[in-house]
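If you want the building blocks of each chain, they are given just below.
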Amino acid sequence: VQVDDLASALAAQSNGAAMIYLGNTWQAKPEFTAAGLEKLARNHGEVYYILPAIAGENEIAGLKNKLLEFAQTPLSGVVVGNLWALELVRELGLKQKIVSDFNFNIFNSQALAFCREQGIARAGLSLELNWRQIENLCPVTALETLAYGNLPLMVSEHCPVGALAGGRTASQ
């Protein structure tokens, strides 16, 4: 279950969610600290931090610091959506599990083999795959897919339509 705040994470756990994905919109929320992650881990669930799909050069140092802080907690792993995020996790030498999300664009068995070679524990399939295509994959690693919720149409740092319609950004 992907959540954006501590109350939702705790509610999901109390209702049986075995894995919690902390959405990348929460990274500025003060409640998500090492202490918050430890509280979630005490409830005996897996907790994953989703790295943002887009990060500017000026944001990477903050992400590194946050990951290093979280590496000292019972965080189960991190979710990467692209190669820069995967490289960041490797550069920091994190020992937690690595999971790819749908942004990694897994369309075929060769991509799944690449994920396994890179140490990715679970691979999130591309949203464009239909059931028949998923059945034809040769899973060499555990698979995930988005089953319920909003389907992102694109990932952009800035929302062009929102900017034209009234100054809204991607986070609004």
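Now for a quick tour of the structure.

Parameters and conventions
Residues numbered from 1 in each chain as written. Predicted model: local features only at pLDDT ≥ 70, side-chain atom pairs only at ≥ 80, totals over all residues. Heavy atoms only, no water. Phe/Tyr/Trp six-rings, centres within 6.5 Å; stacked < 30°, edge-to-face > 60°. Helix = DSSP H or I, 4+ residues; strand = E, 2+ residues; numbered from the N terminus. Buried < 20%, exposed > 50% of the residue type's maximum accessible area, 1.4 Å probe, protein only. Expected span 1.5 Å × (residues − 1). Arc of directions from axis to C-beta. Contact = heavy atoms within 4.5 Å. Salt bridge = Lys/Arg side-chain N within 4 Å of Asp/Glu carboxyl O. Polar contact = N/O pair within 3.5 Å; in protein donor to acceptor, adjacent residues only side chain to side chain. Pairing = 2+ DSSP bridges.

## Details of the packing of aromatic side chains
Okay, step 1: Counted according to the given criterion, the structure contains two aromatic pairs.
Okay, step 2: Summarising the aromatic geometry, the rings of Tyr 49 and Phe 70 are spaced 5.5 Å apart at their centres and angled 80° between planes, so their arrangement reads as edge-to-face. Separated by 21 residues along the polypeptide, Tyr 49 in strand S3 (residues 46–50) and Phe 70 in helix H3 (residues 57–70) bring together distant segments of the chain. Both residues of the pair, Tyr 49 and Phe 70, count as buried.

## Considering H3
Okay, step 1: Here H3 spans 21 Å end to end across 14 residues, near enough to the 20 Å set by a 1.5 Å rise per residue.
Okay, step 2: The set of residues buried in H3 consists of Ile 60, Leu 63, Lys 66, Leu 67 and Phe 70. Take H3 and look down its axis: the buried residues cluster within an arc of 130°, on one side only. Opposite its buried face, H3 presents the exposed residues Asn 58 and Asn 65, each directed more than 90 degrees away.
Okay, step 3: Summarising the contacts, the buried residues of H3 are in contact with helix H2 (34–42), S3, strand S4 (77–80) and helix H4 (83–92).

## Some points on the pattern of salt bridges
Okay, step 1: Inspection of every chain in the model, using the stated rule, returns three salt bridges.
Okay, step 2: The shortest N-O distance in the salt bridge between Glu 46 and Lys 97 comes to 3.3 Å. Linking Glu 46 in strand S3 with Lys 97 in strand S5 (residues 97–100), this pair joins segments that are 51 residues apart in sequence.
Okay, step 3: Residue class for Glu 46 comes out partly exposed when judged on its relative accessible area of 26%.
Okay, step 4: You can call Lys 97 partly exposed: its relative accessible area is 39%.
Okay, step 5: Measuring nitrogen to oxygen at the nearest pair gives 2.8 Å for the salt bridge that ties Lys 64 to Glu 91. Remark: Glu 91 occurs in helix H4 and Lys 64 occurs in helix H3; sequence separation between them is 27 residues.

## Side note on the environment of Tyr 48
Okay, step 1: One can find Tyr 48 in strand S3.
Okay, step 2: We classify Tyr 48 as buried; its relative accessible area is 0%.
Okay, step 3: Distance in space between the C-alpha atoms of Tyr 48 and Val 79 is 6.6 Å, their sequence separation being 31 residues.
Okay, step 4: Apart from residues lying up to four places away in sequence, Tyr 48 is in contact with Met 19, Ile 20, Tyr 21, Leu 22, Leu 75, Ser 76, Gly 77, Val 78, Val 79, Lys 97, Val 99 and Arg 122.
Okay, step 5: A distance of 3.2 Å separates a polar atom in the side chain of Tyr 48 from a polar atom in the side chain of Arg 122.

## So, the sheet that holds strand S7 (residues 142–144)
Okay, step 1: Spatial ordering of the open sheet is given by S1-S2-S3-S4-S5-S6-S7, a layout of seven strands whose pairing is parallel. Edge positions in the open sheet fall to strand S1 (2–3) and S7, since each of these has one partner strand only.
Okay, step 2: Alignment of S4 against S5, held across four bridges, turns out to be parallel. In the sheet register, Val 79 faces S5, and the bridge partner there is Val 99.

The quantities given are spatial measurements derived from coordinates; they are silent on function.
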